[in-house]
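Coordinate analysis (summary)
Read off the chains here:
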Amino acid sequence: MTVDPQLQKFGLIKRETPRAINLDPLQTGGILTPEARQALTEWGDGYSVCDYCGGMLDQIKTPPIYDFVHKALPAFLGMDHARVTNGARESKFAVMHAMCKEGDWIVLDGNAHYSSMVAAQRARLKIKTVPKTPAPDYRITPEAYAAAIEEVRAESGKPPALALLTYPDGSYGNLPDAKAITKVAHDYKVPIIVNGAYAIGRMPFDGKALGADFVAGSGHKSMAASGPVGVLGVNAPYDATVFQKSPTNKNKEIEFLGCTARGATIMTMIASFPKVVERTQPASWEKEVGDARWFAEQMESIGMRQLGDKPHNHDLMFFEGTVFYDISQKADRYFLYREMKARGIHGIKPGLTKNFKISTLGVGREKLGIVADAFRDIIKKYSA
Ligand SMILES: *Cc1c(COP(=O)(O)O)cnc(C)c1O
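Everything in this summary refers to the structure shown in the same document. (Residues numbered from 1 in each chain as written. Predicted model: local features only at pLDDT ≥ 70, side-chain atom pairs only at ≥ 80, totals over all residues. Heavy atoms only, no water.)

So, the site of the ligand
Put simply, the rule is: Any residue with a heavy atom lying within 4 Å of a molecule or strand is counted as near it. Counted as a polar contact is a pair of N or O atoms within 3.5 Å, where, for protein atoms, one must be capable of donating a hydrogen and the other of accepting one, and residues adjacent in sequence contribute only when both atoms are in side chains. Note on areas: these come from Shrake-Rupley sampling with a 1.4 Å probe, and a residue is covered only by the protein chains present in the view.
In the neighbourhood of the ligand, 13 residues make up the surrounding shell, with Ala 88, Arg 89, Ser 218, His 220 and Lys 221 lying closest. Residue Ala 88 places a main-chain N or O atom 2.8 Å away from an oxygen atom belonging to the ligand. Between the ligand and Ser 218 there is a distance of 2.7 Å, counted from an oxygen atom to a side-chain nitrogen or oxygen. Relative to its unbound accessible area of 390 Å², the ligand is 95% covered by the protein chains.

Regarding the sheet that holds strand S8 (residues 230–234)
The line we're drawing: We call two strands paired when DSSP finds no fewer than two bridges between them. Each helix is a run of DSSP H or I of at least 4 residues and each strand a run of E of at least 2, with the numbering of both proceeding from the N terminus. Geometry is summarised by axes, namely lines fitted to C-alpha atoms with helices restricted to the contacting stretch, and by angles between N-to-C directions that run from 0 to 180 degrees.
The mixed open sheet is built from 7 strands, whose spatial order is S2-S8-S7-S6-S5-S3-S4. With one partner strand each, in any of the chains shown, strand S2 (81–85) and strand S4 (126–130) form the two edges of the open sheet. Each adjacent strand pair in this sheet contributes to an overall mean axis angle of 20°, direction not counted. Where strand S7 (residues 214–218) meets S8, 5 bridges bridge the pair, whose relative direction is antiparallel. Within S8, the residue paired with Phe 214 across the bridge is Val 234.

A word on the pairing of strand S3 (residues 105–109)
Cut-off, in case you're wondering: Exposure classes here rest on a 1.4 Å probe applied to the protein chains alone. A residue is buried below 20% of its type maximum, exposed above 50%, and partly exposed in between. Crossover handedness is defined here as right-handed if the route from the first strand over the helix to the second strand goes clockwise, with the strands pointing away from the viewer.
Burial within S3 is extensive, with 5 of its 5 residues counted as buried. Along S3, one buried face is formed by Trp 105, Val 107 and Asp 109 and the opposite face, lined by Ile 106 and Leu 108, is buried too. By the bridge criterion, 5 bridges tie S3 to S4 in an arrangement that is parallel. Opposite Val 107, over in S4, you have Lys 128 as the bridge partner. Read as a crossover between parallel neighbours, the route from S3 over helix H4 (residues 114–122) to S4 is right-handed. With 3 bridges connecting them, S3 and strand S5 (residues 162–166) associate as parallel partners. Bridge pairing in S5 links Ile 106 to Leu 162.

Things to note about the packing of helix H11 (residues 282–301) against helix H14 (residues 365–383)
The condition that has to hold: Each angle gets one of four labels, with under 35 degrees taken as roughly parallel, over 145 as roughly antiparallel, 65 to 115 as roughly perpendicular, and the rest as oblique. Whether two residues are in contact is decided by their heavy atoms: any pair within 4.5 Å suffices. In this count, Pro and Cys sit with the nonpolar residues alongside Ala, Val, Leu, Ile, Met, Phe, Trp and Tyr, while Asp, Glu, Lys and Arg are called charged and the others, Gly among them, polar.
The geometry of H11 relative to H14 is characterised by a closest axis approach of 10 Å and an angle of 10° between their N-to-C directions. Overall, the two elements H11 and H14 adopt an arrangement that is roughly parallel. Where H11 approaches H14, its residues Gly 290, Asp 291, Trp 294, Phe 295, Gln 298, Met 299 and Ser 301 are matched on the opposing element by Arg 365, Leu 368, Gly 369, Val 371, Ala 372, Phe 375 and Arg 376. Considering only residue class, the contact of H11 with H14 consists of 7 nonpolar, 4 polar and 3 charged.

Side note on the packing of aromatic side chains
Each aromatic ring pair is characterised by the separation of its centres together with the angle its planes make. Keep this limit in mind: Here the aromatic set is Phe, Tyr and Trp, taking the six-membered ring for Trp, and pairing holds for ring centres within 6.5 Å; pairs whose planes are under 30 degrees apart are stacked, those over 60 apart are edge-to-face, and all others are tilted.
If you walk through the whole model with that rule in mind, you get 11 aromatic pairs. Ring centres of Tyr 172 and Phe 318 lie 5.3 Å apart, and the angle between their planes is 55°; on these two criteria the pair is classed as tilted. Taken as a pair, Tyr 172 in the loop between S5 and helix H6 (178–187) and Phe 318 in strand S10 (residues 316–320) lie far apart in primary sequence, 146 residues in all. The class of Tyr 172 is buried, set by a relative accessible area of 10%. Looking at Phe 318, the relative accessible area reads 16%, which means it is buried. Taking 5.0 Å as the distance between ring centres and 65° as the angle between the ring planes, the aromatic pair formed by Phe 335 and Tyr 382 counts as edge-to-face. Of the two residues, Phe 335 sits in helix H13 (residues 335–342) while Tyr 382 sits in helix H14, which places them 47 residues apart along the sequence. According to the relative accessible area criterion, Tyr 382 is partly exposed, its value standing at 22%.

A few points about the nonpolar core
Most often, soluble globular proteins keep nonpolar side chains buried together rather than apart. Put simply, the test is: Here, nonpolar core means buried Ala, Val, Leu, Ile, Met, Phe, Trp, Tyr and Cys residues that are tied together by side-chain atoms lying within 4.5 Å of each other. In this entry, domain limits derive from an automatic or database-based domain assignment.
Ranked by size, the top nonpolar core spans 55 residues in total, and within it Leu 77, Val 84 and Tyr 167 carry the most contacts. Counting contributing residues, this core receives three or more from each of domain 1 (31–279) and domain 2 (282–383). The residues touching Tyr 167, leaving out its near neighbours within four places in the chain, are Leu 175, Pro 176, Ala 178, Val 194, Asn 195, Gly 196, Ala 199, Met 203, Phe 205 and Leu 210. If you look at the next biggest cluster of nonpolar residues, it comprises 26 residues, including Phe 319, Met 340, Ile 348 and Val 371.

Just distances and angles here, no functional claims.
Following this line, the structure appears as structure tokens:
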């Protein structure tokens, strides 16, 4: 039998060996623990968690999905109820779809992730964006939220059906005053989603303390899980709306299309959970913030400016400056990527020199020192 030449490129594909140091904001929080890496093969078969399922994924006792979803996870999120979803975006979409009808308004911050926009669009909502303050802070303020809600009220005759706050955002790693912003939403009786895709699993997080009605988190972004997998927290009284069951299939929740993460994805999240709980303890997080600030200082000492909250309160940071851009004019735009790669450092997107974001989560002071030295070394090499 002749093999279709098209098929020859498929089959097991090896991954380029992950480099010694990874600063990619998308990846630092999703690097698997050894336990999760093992769970991946252990539970890799399709529907592997369904052996003892009576029809509801979240009720499975063996493996302990019930205890995870109904006990550990709500406590971890600081919310009344939780579900595991296929990602932060699926969590947000489920809430928007359940809480709103076509043509309703949602107010969301000007630093919102694209997935919040497309989730709202898929739910056929009208979007009002809360403007951020100008460069270099790009802050989202409670006053701006109130103004945006007022605008919706003026245009449509009533407040928006829902609000969303990104905490922190994925561009600058800014942590807005969530408590004050959720209070503004509640003053107008608007329920609010706190999108914690970059918070939940990285830093201490308590949805109720933040005043959230809903929280969304990402397993593959921030909970050392192999995705797609996410978490959703819901506070009373909205659980009845979001967890509505199908009238025809009485143990299937409509917004989750019956079942969500039903295999290796949820099991990697559970495998990493003890270590994720550990890394979100205040002492561990303080150390991470200390490392981020130290690294920002190193970058500023070579002429790159850190934008957003300053001093910074998160591992995700945005830098801007002309040091490497100027070199790229003499060399080529990929020189920085190439030089970093040669030093075993991954995470700055190919072609970026004038501005880039990086994450220091879990990298540690020693390796961050190596990165800072690498930047200095590269500058020296090209100024010779
Ligand atoms: C990465 C990211 C998301 C998307 O998370 P998924 O789990 O992949 O859906 C949503 N919001 C923010 C702020 C993000 O950074």
